[in-house]
Amino acid sequence: MRTFTFDPPAPVGIPVVGQEAFFPARRVYCVGRNYAEHAREMGFTGREPPFFFLKPVDAIVVVPNGETGTLPYPPLTHNLHHEIELVVAIGKGGKNIAAADAMGHVFGYAVGLDMTRRDLQLAQRDLGRPWDIGKGFDHSAPIGPITPGAQVPGIETAPIWVNVNGQVRQKSSVASLIWNLAEVIEHISAAWELQPGDLIMSGTPEGVGPVVASDLMIGGVEGLGELRVKVA
Ligand code: MN
């Protein structure tokens with residue numbers, strides 16, 4: 001039997017609604033600027049090809065149904081932003097998946113937050129450097145339970161929102177995605193071979209903004225329930 005120099009990390013398991021088994025997360029792909037009004041608030045206009053970045057899988061904060069997750073305020077930033085997103089969970093892998101076939105690769109959906117150290121992200125962006133320090137920090141990906149796709153047939157037009165301390169910050173519809181879920185899967189699978197366990201944060205609508213210690217974020221996508229995360 002193979003041994004390791006030290007214990008390998010445990011797999012990240014995300015609860016699945018109505019099932020005992022956990023979804024084993026493998027990679028976290030994220031789509032940049034995929035809602036027109038958010039692209040505008042970040043200083044961009046027009047439909048550009050989709051682009052992607054990744055978060056480490058161990059940046060996921062698993063938030064079981066009915067619980068409130070904890071997000072430690074991360075170091076080096078003074079401008080930690082919420083980005084509420086619909087997360088697509090891949091159940092069947094593949095490469096060069098056509099948009100017409102893409103939804104057959106989906107296992108289910110979850111509510112997620114693409115937490116962002118905006119000051120660091122923008123500084124790196126303006127220098128033409130990678131976004132990792134702004135996007136891929138520890139605890140940067142709180143995600144709620146995964147609902148199997150068959151239970152949420154209307155997900156592509158579902159309302160999406162996040163409140164902070166009871167005040168609405170972001171409120172839109174998945175129907176406003178620039179690149180829809182099938183098109184996102186087509187583009188990602190042209191660049192990487194998707195595998196079961198991959199997660200895709202599909203982009204955030206307008207209204208991103210800062211949170212500080214003790215703030216409570218409650219986000220949701222209709223049909224998937226709520227994701228509650230407190231900043232510590
Ligand atoms: Mn995002």
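Whatever comes next refers back to the structure up there.
Residues numbered from 1 in each chain as written. Predicted model: local features only at pLDDT ≥ 70, side-chain atom pairs only at ≥ 80, totals over all residues. Heavy atoms only, no water.

S.K.: Looking at this structure, I do not really get the side chain of E83. What am I missing?
M.R.: Note that E83 resides in the loop between β7 (80-82) and β8 (84-90). Since its relative accessible area comes to 4%, E83 is described here as buried. At 2.8 Å, the side chain of E83 forms a polar contact with the side chain of R118. At 3.2 Å, the side chain of E83 and the side chain of K135 are in polar contact. Residues within four places of E83 in sequence aside, it is in contact with H38, G112, L113, D114, T116, R118, K135, Q170, T204 and V208. (Helix = DSSP H or I, 4+ residues; strand = E, 2+ residues; numbered from the N terminus. Buried < 20%, exposed > 50% of the residue type's maximum accessible area, 1.4 Å probe, protein only. Polar contact = N/O pair within 3.5 Å; in protein donor to acceptor, adjacent residues only side chain to side chain. Contact = heavy atoms within 4.5 Å.)

S.K.: What is the right way to look at helix α5 (residues 181-191) in this model?
M.R.: For an α-helix, 3.6 residues make a turn, and residues three or four places apart therefore share a direction. If you check which residues of α5 are buried, you get L181, A182, V184, I185, I188 and S189. Down the axis, α5 shows its buried residues gathered within 155° of arc, on one side only. In α5, the exposed positions angled more than 90 degrees off the buried face are occupied by A190 and A191. Those residues of α5 hidden inside the fold are in contact with β3 (28-31), β4 (52-55), β8, α2 (99-102), β9 (106-113) and β15 (199-201). At the N-terminal end of α5, a side-chain oxygen is found 3.2 Å from the backbone nitrogen of A182, two or three residues along, and the residue is N180. (Arc of directions from axis to C-beta.)

S.K.: It is not clear to me how the side chain of Q121 should be interpreted in this structure. Could you clarify?
M.R.: You can see Q121 is positioned in helix α3 (residues 118-126). Classification of Q121 by relative accessible area gives buried; the value is 3%. Beyond its immediate stretch of four places on either side in the chain, Q121 contacts M42, T116, W131, G134 and K135.

S.K.: Sorry if this is basic, but what is going on with the sheet that holds strand β10 (residues 116-117) here?
M.R.: Hydrogen bonding along the main chain pairs the strands of a sheet, whether they run parallel or antiparallel. Pairing is antiparallel across the open sheet formed by three strands, whose spatial order is β10-β7-β16. Bordering the open sheet on either side are β10 and β16 (209-210), each of which pairs with just one other strand. Sheet topology places β7 next to β10; two bridges connect them, and they run antiparallel. Following the sheet pairing, H81 is matched in β10 by T116. (Pairing = 2+ DSSP bridges.)

S.K.: So what exactly am I meant to see when it comes to the coordination of the manganese ion here?
M.R.: Donor atoms from the polypeptide that coordinate the manganese ion comprise E83 (OE), E85 (OE) and D114 (OD), at 2.0 to 2.1 Å from the metal. Each donor residue of the manganese ion lies on the same chain, and together they follow the pattern E-x1-E-x28-D. Remark: D114 occurs in the loop between β9 and β10 and E85 occurs in strand β8; sequence separation between them is 29 residues. The pair formed by E85 and D114 is uniform in burial state, with each residue classed as buried. (Donors = N, O, S within 2.8 Å, 3.2 Å for Na, K, Ca; no water.)

S.K.: Is there a simple way to think about the environment of V152 in this case?
M.R.: Of note, V152 is situated in the loop between β12 (147-148) and β13 (159-164). When near neighbours in sequence (up to four residues on either side) are disregarded, V152 contacts Y109, T147, G223 and L224.

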